[in-house]
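Residue-level structural notes
Each chain, letter by letter, is given below.
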Amino acid sequence: MTSVPKVALDEAITPIHFSTRSLPVREQFDAWRAFMAPAIDLDIRESRIAPFEAEQTVWDVGGFALTRARMPGDGTARTWQHHKKNALDHWCFVVVNDGTAPTGVPGRPARQLFFRSLGERFDGSAADTSVLSLYIPRELFGERLNRIDGTSSQVPDTGIGALLADYFLSLEQRLPRIPNAQLPQVVEATQAMIAACVRPSAERIEVAHDAIVATLMERARQVVRQNMGSSSFGPDHLAQALGVSRSRLYRLFEPFGGVARYVHRQRMLVAHAALSDPSNTSSVIRIAESVGFGDASGFSRSFKQEFGCSPSDARASSIFRSPFRMPPSRAGGSATAEFATVLRRLAA
């Protein structure tokens, strides 16, 4: 039996990255239209020879594909429709999180979540600038997502429906660090989350329990870090932002020593990261204030108790870490062919 090289299992997937920025202005929109052609028939209401700087990253996860598109914010409306008699019958979930969607929930970014089938007729238009899309074959769900064709294509950004957008956005952040060997588990968790959030039932929610908890914890981390500077931030604020009861909140954080302990730990981690960053020249007291401490002595005691060293010692031993860099763009034709191949392979 042929063994799989260890490096192939340990390495994370490399995304396809396509950009129109280096192309002549007159060719930019046509190149973008050609890139999107495997999924939709795209057009524009304005001149096709006007500037259209856009880019897209495609993650081929195996059981599904996740893409991030960034498009011009000049207000130009784009129109699209699904191909007639499309051989691709994938579900497409779209998260619009460019800040244009309404929101009334503290600690939650404005976004909208839609779903539709590429095999069904659809016409749309939009001028959004940042869109996350997930393409997944409907065959992976069996009967779990039947009878949703023809219903509302928008998933409410409330309750368990809000968790699906959270999950997709969290997945985008984590994919660069997930080894190939773990991708089957990612596909399984994603299937369970979609089934539980689009057509909720006690059974589906139970199947997706681990993914739901992980998603709630990721949202909690983001909410806590958005409120680092507020010394009054507490369980009531966090429960409201997560959309859960206080009792549910306490059960969720029990493995972490409780809500207060978790919030304190997050404050310390943010402070440690700031002190370990050579480019951060803020004073210790300014960093303490930024994480909710009003005095340097109390901050120093807490920091030393948490990490075993003083804030000044942490700053003195700081180590520079290089940030993640976007892989170089493929040539237009190459990237388009790869995107088409990914979508066709999902149907195989």
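Keep in mind it's a predicted model, so treat the numbers as computed, not measured.

Looking at the packing of helix α9 (residues 259-275) against helix α11 (residues 296-307)
It is the contact of α9 with α11, at a shortest axis distance of 10 Å, that shows an interaxial angle of 95 degrees. Our classification of the angle between α9 and α11 gives roughly perpendicular. Mapping the contact onto sequence places Arg-261, His-264, Arg-265, Met-268, Leu-269, Ala-271, His-272 and Leu-275 in α9 and Phe-299, Ser-302, Phe-303, Glu-306 and Phe-307 in α11. Split into classes, the residues belonging to the contact of α9 with α11 amount to 7 nonpolar, 3 polar and 3 charged.

Quick word on the sheet that holds strand β1 (residues 16-19)
As summarised here, the arrangement of the 7 strands in space is β1-β3-β4-β9-β6-β7-β10, forming an open sheet in which the pairing is antiparallel. Strands at the two margins of the open sheet, each flanked by one partner only, are β1 and β10 (154-155). The pairing of strand β7 (residues 112-117) with β10 spans 2 bridges and is antiparallel. Its bridge partner being in β10, Phe-114 is matched across the sheet by Gln-154. On the sheet, helix α2 (residues 25-36) packs against β1, β3 (55-60), β4 (65-70) and β9 (130-137) and is oriented at approximately 20 degrees with respect to β3. Those strands touched by helix α4 (residues 183-198) are β6 (90-96), β7 and β9, and its axis lies near 105 degrees from that of β9.

Observations regarding the pattern of salt bridges
As enumerated under the stated definition, the model contains 8 salt bridges in all. Where Arg-68 meets Glu-172, a salt bridge forms, and the shortest distance between an N and an O atom there is 2.8 Å. Of this pair, Arg-68 sits in strand β4 while Glu-172 sits in helix α3 (residues 159-174), and the two are 104 residues apart along the sequence. Looking at Arg-68, the relative accessible area reads 7%, which means it is buried. Of the residues examined, Glu-172 reaches a relative accessible area of 13% and is grouped as buried.

Regarding the side chain of Ser-19
Of note, Ser-19 is situated in strand β1. Taking relative accessible area as the criterion, Ser-19 reaches 13% and is therefore assigned buried. A polar side-chain atom of Ser-19 sits 3.2 Å from the main-chain amide nitrogen of Arg-21.

Observations concerning the packing of helix α7 (residues 235-242) against helix α8 (residues 246-253)
When two helices pack together, their arrangement is given by the angle between the helix axes and by the axis-to-axis distance. α8 packs onto α7 with a crossing angle of 95 degrees between their chain directions and a minimal axis gap of 9 Å. The orientation of α7 with respect to α8, classified from their angle, is roughly perpendicular. For the pair α7 and α8, contact is made by Pro-235, Asp-236, Leu-238, Ala-239 and Leu-242 and by Arg-246, Leu-249, Tyr-250, Leu-252 and Phe-253, respectively. A per-class count over the contact of α7 with α8 returns 8 nonpolar, no polar and 2 charged.

Details of the confidence of the model for the protein
Overall, the prediction assigns the protein a mean pLDDT of 79, with 81% of residues at 70 or greater. Within the model, the stretch residues 1-7 combines pLDDT values under 50 with 1 contact to residues more than four positions away or in other chains.

Comments concerning the nonpolar core
Phe-93, Phe-168, Leu-238 and Phe-299 are the most contacted members of the largest nonpolar core, which has 63 residues in total. Core analysis: the second largest hydrophobic core is formed by 30 residues, Phe-35, Leu-118, Tyr-135 and Val-342 among them.

Overview of the packing of aromatic side chains
Per the counting criterion, the structure on display carries 15 aromatic pairs. With a centroid separation of 5.2 Å and 85 degrees between ring planes, the pair formed by Phe-29 and Phe-52 is classed as edge-to-face. Of this pair, Phe-29 sits in helix α2 while Phe-52 is found in the loop between β2 (41-44) and β3, placing the two residues 23 residues apart along the sequence. Assessed through its relative accessible area of 4%, Phe-52 is described here as buried. Geometrically, the ring pair formed by Phe-253 and Tyr-262 is edge-to-face, given 4.9 Å between the ring centres and 65 degrees between the ring planes.

A look at the side chain of Gln-28
In this fold, Gln-28 is placed in helix α2. Reaching out from Gln-28, the side chain makes a polar contact with the backbone nitrogen of Phe-52 at a distance of 2.7 Å. Excluding residues within four positions of it along the chain, Gln-28 makes contact with Thr-20, Arg-21, Leu-23, Pro-51, Phe-52 and Glu-53.

Some words on the environment of Ser-282
With respect to the element layout, Ser-282 can be found in the loop between α9 and α10 (284-290). What makes Ser-282 partly exposed here is its relative accessible area of 32%. If we skip the residues at most four places from it in the chain, Ser-282 touches Ile-287 and Arg-315.

Examining the sheet that holds β2
An order of β2-β5-β8 is seen for the 3 strands of this open sheet, with the pairing classed as antiparallel. Unpaired on one side and paired on the other, β2 and β8 (123-126) mark the two borders of the sheet. Sheet twist, expressed as the average angle between the axes of neighbouring strands with direction ignored, equals 20 degrees. When strand β5 (residues 78-81) meets β8, the two strands line up antiparallel, connected through 4 bridges.

Observations concerning helix α6 (residues 209-226)
Spanning 18 residues, α6 covers 26 Å between terminal C-alpha atoms, matching the ideal 26 Å at 1.5 Å per step. Of all the residues in α6, the buried ones are Ala-211, Ile-212, Thr-215, Leu-216, Met-217, Glu-218, Arg-219, Ala-220, Val-223 and Val-224.

What counts and what doesn't
Residues numbered from 1 in each chain as written. Predicted model: local features only at pLDDT ≥ 70, side-chain atom pairs only at ≥ 80, totals over all residues. Heavy atoms only, no water. Axes fitted to C-alpha atoms, helices over the stretch in contact; angles between N-to-C directions. Helix = DSSP H or I, 4+ residues; strand = E, 2+ residues; numbered from the N terminus. Parallel < 35°, antiparallel > 145°, perpendicular 65-115°, else oblique. Contact = heavy atoms within 4.5 Å. Nonpolar A, V, L, I, M, F, W, Y, C, P; charged D, E, K, R; others polar. Pairing = 2+ DSSP bridges. Salt bridge = Lys/Arg side-chain N within 4 Å of Asp/Glu carboxyl O. Buried < 20%, exposed > 50% of the residue type's maximum accessible area, 1.4 Å probe, protein only. Polar contact = N/O pair within 3.5 Å; in protein donor to acceptor, adjacent residues only side chain to side chain. pLDDT = per-residue confidence, 0-100. Core = buried A, V, L, I, M, F, W, Y, C linked by side-chain atoms within 4.5 Å. Phe/Tyr/Trp six-rings, centres within 6.5 Å; stacked < 30°, edge-to-face > 60°. Expected span 1.5 Å × (residues − 1).

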